[in-house]
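One letter stands for each residue in the lines below.
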Amino acid sequence: MEKNKWFYVAMSSLAVSLLSLFSSIISYTPPRGKTVHYNLTSLLFETKFRDDVLSEYTGPVLWKMGGSTVSVLALVAVAAVLCALVGLVTLRKQRPNTWQFVLTLAGLVGTAFPSFLVILAVVLSDNYFPGDISCGISPIIMPIAMVICILAVIRRRNKVLEQLRREMEAKGLVFRAGDM
């Protein structure tokens, strides 16, 4: 367990990040009403958010997203999660190479990217809604979980590199400066 502690920390962080998508992503309080929380399923499969919240938007259109743009962003998010999972599993099963490390980090950063988009959209459009729109729990949890995961992966890579350096020194392939 001690050998793979980094893996369990990284996978747990990734799982927390993904599970947080089923909690509140965006919250909206209409001028005369109660707060409604929207999670991943309500944003993707229901038109309630579009009909109740986006229809009240009065500001300028900052980014016109059609169906194809949303599909591309969804594919990028799924690809990022797959890259993170594949990278973590291969980092655990074998001695990591540079491509595994880059694949894992790209996947982890790509997994947190939608959170930054949500936070940016809420901050830029807050003044143009008659009610109060705010970020939910998920856009806050996801980047924190990804930072923890990235730190675990970096720590694993540093330990492997240190082990490789010690092995090469033991074989006599690496000399310290000043050695004859």
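This structure is a prediction, so every number in the text was calculated from the model and none was measured.

A. Up close: the state of the cysteines. Here the structure, examined in full by the defined rule, presents zero disulfides. With no disulfide of its own, Cys149 has Cys83 as its nearest cysteine by sulfur position, at a separation of 13 Å.

B. Layout of the sheet that holds strand 1 (residues 26-29). With respect to topology, three strands assemble into an open sheet ordered 2-1-3, the strand pairing being antiparallel. Looking at the sheet topology across the chains shown, the edges are occupied by strand 2 (36-38) and strand 3 (132-135). Mean inter-strand twist for the sheet, computed between neighbouring axes without regard to direction, equals 20°. With three bridges connecting them, strand 1 and strand 2 associate as antiparallel partners. Bridge pairing links Ser27 to His37 in strand 2. Across the sheet, helix 5 (residues 98-125) is in contact with strand 1 and strand 3; its angle to strand 3 comes to roughly 155°.

C. Representation of the packing of aromatic side chains. Tallied over the entire structure, the rule returns six aromatic pairs. The interplanar angle of 55° and the centroid separation of 5.2 Å between the aromatic rings of Tyr57 and Phe129 together place this pair among those described as tilted. Taken as a pair, Tyr57 in the loop between helix 3 (48-52) and helix 4 (67-93) and Phe129 in the loop between helix 5 and strand 3 lie far apart in primary sequence, 72 residues in all. Here a set of aromatic residues connected by ring pairs shows up, and it is made of Tyr28, Tyr57, Tyr128 and Phe129. Just above the ring of Phe101 sits the side chain of Arg157; from NZ or CZ to the centre is 4.8 Å.

D. Expanded view of helix 1 (residues 5-19). Counted at 1.5 Å a residue, the expected span for helix 1 with its 15 residues is 21 Å, and the 21 Å between its end C-alpha atoms agrees. Every buried residue of helix 1 is listed here: Trp6, Phe7, Ala10, Ser13, Leu14 and Ser17. When helix 1 is viewed along its axis, its buried side chains cluster within an angular range of 135° and face the same direction.

Each value, and the rule that gives it
Residues numbered from 1 in each chain as written. Predicted model: local features only at pLDDT ≥ 70, side-chain atom pairs only at ≥ 80, totals over all residues. Heavy atoms only, no water. Disulfide = S-S within 2.5 Å. Pairing = 2+ DSSP bridges. Helix = DSSP H or I, 4+ residues; strand = E, 2+ residues; numbered from the N terminus. Axes fitted to C-alpha atoms, helices over the stretch in contact; angles between N-to-C directions. Contact = heavy atoms within 4.5 Å. Phe/Tyr/Trp six-rings, centres within 6.5 Å; stacked < 30°, edge-to-face > 60°. Lys NZ or Arg CZ within 6 Å of the ring centre and 35° of its normal. Expected span 1.5 Å × (residues − 1). Buried < 20%, exposed > 50% of the residue type's maximum accessible area, 1.4 Å probe, protein only. Arc of directions from axis to C-beta.

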